[in-house]
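# Architecture and fold: a report
The lines below spell out each chain.
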Amino acid sequence: MNKKLILEKVYDPKPVEEKWSKFWIDEGLFVPQIPSPKKNFSMVLPPPNVTGSLHIGHALCFTLPDIIVRWRRMQGYNTLWLPGTDHASIAVHNVIEQSLAEKGLTREKIGREEFLKVALDWKEKYGGHIVHQLTRLGTSLDWTRERFTLDEGFSKAVRHVFVELYQEGLIYRDYYLVNRCPHCGTVLSDIEIEHKERKAKLYYIKYPLLDSEESITVATTRPETMLGDTAVAVHPADERYSKVQKKKVLLPLVNREIPVITDERVEREFGTGAVKVTPAHDPVDFELGKRHHLEQVIVIDGSGRMTEAAGEEFKGLDRFECREGVLSRLKEMGLLEKVEDYEHAVGHCYRCQTIIEPHLSWQWFVRVKPLAEEAIRVVEEGEIQFIPSNWAKTYFEWMYNIHDWCISRQLWWGHRIPAWYCQECDNVMVAEESPKKCEKCQSSNLTQDEDVLDTWFSSALWPFVTMGWPEDTEDLRTFYPTDLMSTGFDIIFFWVARMIMMGLKFAGDIPFRHVFINGLVRDFRRRKMSKSEGNIIDPLEMIEKYGTDALRFTLAALAIPGMDLSLSEERMTGYQAFANKIWNAARFVLMNLKGEEFRLKEEELTLADRWIRSRMVGIIEELNDALENYKFYEAANKIYHFVWHEFCDWYIELVKPSLKEGNKTSEAVLVDTLDQILRLLHPFMPFITEEIWHHLPSSGKSLAVAPWPKVRKEWKDESLEADMKFTQEAIVEIRTLRAENRIPPKEKTDLRIKVSSNVKVKGKVEILTNPQNKIYIQTLANVQRIETFKGGFPKRKNLLKGIVSDVEIALPLEKGLINFNQERKRLERELSKIGSDIERIEKRLQNSNFLNRAPKEVIQETKRRLGELRNKKTKLEESLKHILSLI
Ligand SMILES: [Zn+2]
Ligand SMILES: [Zn+2]
């Protein structure tokens, strides 16, 4: 026998995974051909951050599309799955600045040039370490096309886009109140802010009226900003304040005279109905200040410290220290009227959770509305489909209410804004290459904008710049638009929407046809995974423990569209067992091959052979349908059931008699079925399937590029499937009768079948007694003789009776086959134990303490267990009654 046909006794994933992931890449199996006569299928990888390391969310987000791309590749598509990483400005800054701080340095101290050198070194050394982890997942990416959002081509493309948008008036610079994170040291866009309810205080502060003994009380959550107040506002129709309209107050601590103005947008119900107005530190006040032409006094700087304008006493203090200082001074002066508890939403930085500071400054913005119109249309008209479709609603809601996008960041690692300022005449120039002279005054004293672009600005261009845009490349012509984008719901706005807008605008087409939104991976109790809960599942650890295939299969089997996944190690153990089951089945098949030559003669096909081929047609169709609709869970569960419960449990057993007889046709069907199964499983479990496949006599270069099984309609035989199902039911019933009555496995019994005049029953009896099925029943159910009886069984006491859909069967018990008395005693013992178990659980479920305190799942589980025990008790009682009748 050829040595190739032998598999190791136990499947060891690690060496197998290492071998094949290297082989696939070395052989260039994931590199598409250009040009190719085949149809194309393409995807781009959502680029992970260079700072990132693989977490379970990635594992899901990369495994599911890999299943699709592997399936398409095997279907004969010319496939491209393009990888790369994102430069992730803020994340890299956090890493580098932290390590600088450990040496007592800051980025300002070392300067821009040195900082960028450090960052680049770091990226070369440690960044992109996630790339290696991706290969461990078995992702079939074309690494020859790997890109980085800060590579040269990207930088060129980004400048090109910026300049074009600027020239069309879609990018502009404005002095505007934006969100700034004092910790990260940069402004952020609106969607980078997380609003969280916080317990706070509402302070009531008296502002004395000028030339009067009276005062107006305003309520605020941020007393420190009063130092920058430039008005007090009331509603024009608020009678409480009709007398003070147009008067002035003296702003305490600062002693600035500020007007009392009226504005219809003042909420009369808030606080006292009179509000302080701080245009430089509050978005509502900013708008109000613009309407009334109020002065903007900046009292807090970008790092959250008080400025000169806050006054001698407070300047240099942190904003929260200053709050305490202001309050104690107001108390001294008797101007703090009262303090109330107050709960409200406060904006936090999505990166570091620091409270955001509204910050008035010059920034660059994208005017998004004109771009959004087309992006809305393509989704409305179904050119782009969200899966599940309800995510389109979320997309529309945001797109209809879209705000201008602040794209400048006060960071260094990133695409520097291609804008230059003339130091002589203040002229602003935007260009792809740095200008030598001012176009207005010819001065060469120019400085480039210090800021970089929001990281999402470049990732919005990912699908087409990775393919070589703005050059007109073969890749673009062949693979753009891509077919599928798979990502999480949390970046629909950050990323998906912006890719659609930019793709339409610059690449002239949608970036992808389908957007698959995957769920969140939660723990087995459906809780979010987090460090503080200690319930994080590390995919690399899972790969070490259970193998990549088990992890991948688990993720697929849990991925129900529109639902979060509830992941447990138990499931992974289960699918690891599945991998072992496949391995053992393959070992059995290989050990039973008599040679390498297979000849299949139609007339030699057994019922079992024709049955498994017919079932195969069904499973291929079901799998295609499920994958076509991204129903990963359905695909995984169907193939799992087919392999385990039809191929392993039945076919391998059914084929044994004909293998024994040396039926070469059955041998051929067996090995062919295994081959087809490996192909169907390959997208889910690429490693074990590739390994086994290479031991098959028929294998080729790689399963990764082997053809996907075809639907052979001519193999489908519904009535044969029904007959086989019935035979299996009979076998199960006989096995159950034997097991319930403790017939030792070594002992064979006879089978009696009652023949009736009913046509339906007659037909079924014929199925059980035809020569081929007879052998299956005899072999699989341990039966000696099969006899039929017209009109009824001859009366005998010791007869075990059963029914298989309308057909009555019986097993005659020979003397000595069962020791009835011993069996009776055993049943009585078991019944008494189960009785006390039931009693205990019933008591527990009546205990109100337990019902009130135990978690819902525990109570449910207890009830389920009670039901199970009661069922078991009924069964045991029946068996006992039966035994007693036989004695
Ligand atoms: Zn931050
Ligand atoms: Zn100039």
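Residues numbered from 1 in each chain as written. Chains lettered and ligands numbered in written order. Predicted model: local features only at pLDDT ≥ 70, side-chain atom pairs only at ≥ 80, totals over all residues. Heavy atoms only, no water.

For the rest of this paragraph, the subject is the coordination of the zinc ion (ligand 2). Taken together, the protein ligands of the zinc ion (ligand 2) are Cys422 (SG), Cys425 (SG), Cys438 (SG) and Cys441 (SG), with distances of 2.2 to 2.3 Å. Taken together, the 4 donor atoms coordinating the zinc ion (ligand 2) span angles of 103 to 116° at the metal, a pattern that classifies the geometry as tetrahedral. Each donor residue of the zinc ion (ligand 2) belongs to the same chain, and together they define the spacing C-x2-C-x12-C-x2-C. Of the two residues, Cys425 is situated in the loop between β18 (419-422) and β19 (428-430) and Cys441 in the loop between β19 and β20 (446-448); the sequence distance between them amounts to 16 residues. Cys425 sits in the partly exposed class, given a relative accessible area of 32%. (Donors = N, O, S within 2.8 Å, 3.2 Å for Na, K, Ca; no water. Tetrahedral: all angles 85-135°; square planar, octahedral: opposite > 155°, others 65-115°. Helix = DSSP H or I, 4+ residues; strand = E, 2+ residues; numbered from the N terminus. Buried < 20%, exposed > 50% of the residue type's maximum accessible area, 1.4 Å probe, protein only.)

Another aspect to go through is a negative patch on the surface. Residues Glu113, Glu114, Asp121 and Glu124 make up a contiguous surface patch of negative charge. Of the residues examined, Glu113 reaches a relative accessible area of 69% and is grouped as exposed. (Patch = residues over 30% accessible without salt bridge, like charges linked within 9 Å, V, L, I, M, F, W, Y side chains within 5 Å. Areas by Shrake-Rupley, 256 points an atom, 1.4 Å probe, with all protein chains shown as cover. Salt bridge = Lys/Arg side-chain N within 4 Å of Asp/Glu carboxyl O. Lys, Arg positive; Asp, Glu negative; His and termini not counted. Charge placed at Lys NZ, Arg CZ, Asp CG, Glu CD.)

At this site the zinc ion (ligand 1) is bound by Cys181 (SG), Cys184 (SG), Cys349 (SG) and Cys352 (SG), with donor distances of 2.2 to 2.4 Å. Considering all 4 donor atoms around the zinc ion (ligand 1), angles at the metal cover 101 to 114° and the coordination shape is tetrahedral. Written as a sequence motif, the donor arrangement for the zinc ion (ligand 1) is C-x2-C-x164-C-x2-C. Pair check on accessibility: Cys181 and Cys184 agree, each one buried.

Bringing the pairing of β18 into the picture now. Because side chains alternate across β18, one face comprises the buried residues Ala419 and Tyr421, and the other comprises Trp420 and Cys422, equally buried. The pairing of β18 with β19 spans 3 bridges and is antiparallel. By the bridge assignment, Ala419 is partnered in β19 with Val430. As defined by bridge partners, β18 adjoins β20 across 3 bridges and the pair is classed as antiparallel. Among the inter-strand pairings, Trp420 is bridged to a residue of β20, identified as Gln448. (Pairing = 2+ DSSP bridges.)

Next up on the list: the sheet that holds strand β27 (residues 783-790). Across the sheet, which stays open at both edges, the 4 strands sit in the order β27-β26-β29-β28 with mixed pairing between neighbours. Strands with a single pairing partner mark the edges of an open sheet, and in this sheet they are β27 and β28 (799-804). Pairwise comparison of adjacent strand axes, ignoring direction, gives a mean angle of 25° for this sheet. Here strand β26 (residues 749-755) pairs with strand β29 (residues 807-812) via 2 bridges, running antiparallel. Counterpart to Ile753 in the pairing with β29 is Ile809. Packing against the sheet, helix α24 (residues 771-781) makes contact with β26 and β27, and its axis sits at approximately 130° to β27. (Axes fitted to C-alpha atoms, helices over the stretch in contact; angles between N-to-C directions. Contact = heavy atoms within 4.5 Å.)

Residues Trp469 and Pro470 are joined by a peptide bond in cis, for which omega reads 10°. Counting through the fold element by element, Pro470 comes out in the loop between α12 (462-465) and α13 (474-479). The phi angle at Ser805 is positive, at roughly 20°, despite the residue not being glycine. When you line up the elements, Ser805 lands in the loop between β28 and β29. Despite not being glycine, Asp806 has its phi angle at roughly 75°, a positive value. With respect to the helices, strands and loops of the structure, Asp806 is situated in the loop between β28 and β29. Judged by its relative accessible area of 47%, Asp806 falls in the partly exposed class.

When you line up the elements, Thr307 lands in the loop between α7 (283-291) and α8 (319-332). You can call Thr307 buried: its relative accessible area is 17%. In contact with Thr307, not counting residues within four places along its chain, are Ile298, Val299, Ile300, Asp301 and Lys315.

Turning to the environment of Ile500, a few remarks are in order. Mapped onto the secondary structure, Ile500 falls in helix α14 (residues 492-507). Ile500 sits in the buried class, given a relative accessible area of 0%. For the pair Ile500 and Pro511, spaced 11 residues apart in the sequence, the C-alpha separation amounts to 6.0 Å. Apart from residues no more than four positions distant in its own chain, Ile500 is found in contact with Ala375, Val378, Val379, Ile384, Tyr395, Pro511 and Phe512.

So, on to the nonpolar core. Counting 136 residues, the largest nonpolar core has Phe632, Ile639, Phe647 and Phe684 as its most contacted members. Element by element, the count of residues in this core is highest for helix α19 (residues 632-660), at 15 residues. Sequence-distant contacts of Phe647, that is, excluding residues within four places in its chain, are made with Ala585, Val589, Ile612, Phe642, Ile652, Leu670, Thr673, Leu674 and Ile677. Residues Ala392, Ile402, Leu461 and Phe464 belong to the second largest nonpolar core, which totals 66 residues. (Core = buried A, V, L, I, M, F, W, Y, C linked by side-chain atoms within 4.5 Å.)

Counting through the fold element by element, Leu827 comes out in helix α25 (residues 820-846). Sequence-distant contacts of Leu827, that is, excluding residues within four places in its chain, are made with Leu876, Ser879, Leu880 and Ile883.

With antiparallel pairing, 3 strands are arranged side by side in an open sheet as β19-β18-β20. Taken across any chain shown, the strands that pair with only one partner, and hence form the sheet edges, are β19 and β20. Across the sheet, the mean angle from the axis of one strand to that of its neighbour is 30°, orientation sign disregarded.

Let us look at the pattern of salt bridges. Scanning the model with the defined rule gives 63 salt bridges in all. Across the pair Arg377 and Glu374 runs a salt bridge whose closest N-O atoms are separated by 2.9 Å. In this pair, Arg377 and Glu374 are both assigned in helix α9 (residues 369-380), 3 residues apart and thus about one turn of the helix distant. The partly exposed category is assigned to Arg377, whose relative accessible area is 26%. Residue classification places Glu374 among the partly exposed positions, given a relative accessible area of 36%. For Lys638, the salt bridge is made with Glu634, and the minimal N-O distance between the two is 3.9 Å. Residue Lys638 and its partner Glu634 are both found in helix α19; the two are separated by 4 residues, about one turn of the helix.

This part takes up the packing of aromatic side chains. This model, assessed by the stated rule, comprises 39 aromatic pairs. Ring plane angle 40° and centroid distance 6.5 Å describe the contact between Phe553 and Tyr640, whose orientation is recorded as tilted. Note that Phe553 is positioned in helix α16 (residues 548-558) and Tyr640 in helix α19, a separation of 87 residues in sequence. Assessed through its relative accessible area of 0%, Phe553 is described here as buried. The class for Tyr640 is partly exposed, based on a relative accessible area of 21%. One aromatic cluster is present, built from ring pairs that chain together Phe553, Tyr575, Phe578, Tyr640, Trp644 and Phe684. Over the aromatic face of Phe148 sits the side chain of Lys123, whose NZ or CZ is 4.0 Å from the ring centroid. (Phe/Tyr/Trp six-rings, centres within 6.5 Å; stacked < 30°, edge-to-face > 60°. Lys NZ or Arg CZ within 6 Å of the ring centre and 35° of its normal.)

Any functional reading would require information that these geometric values do not contain.
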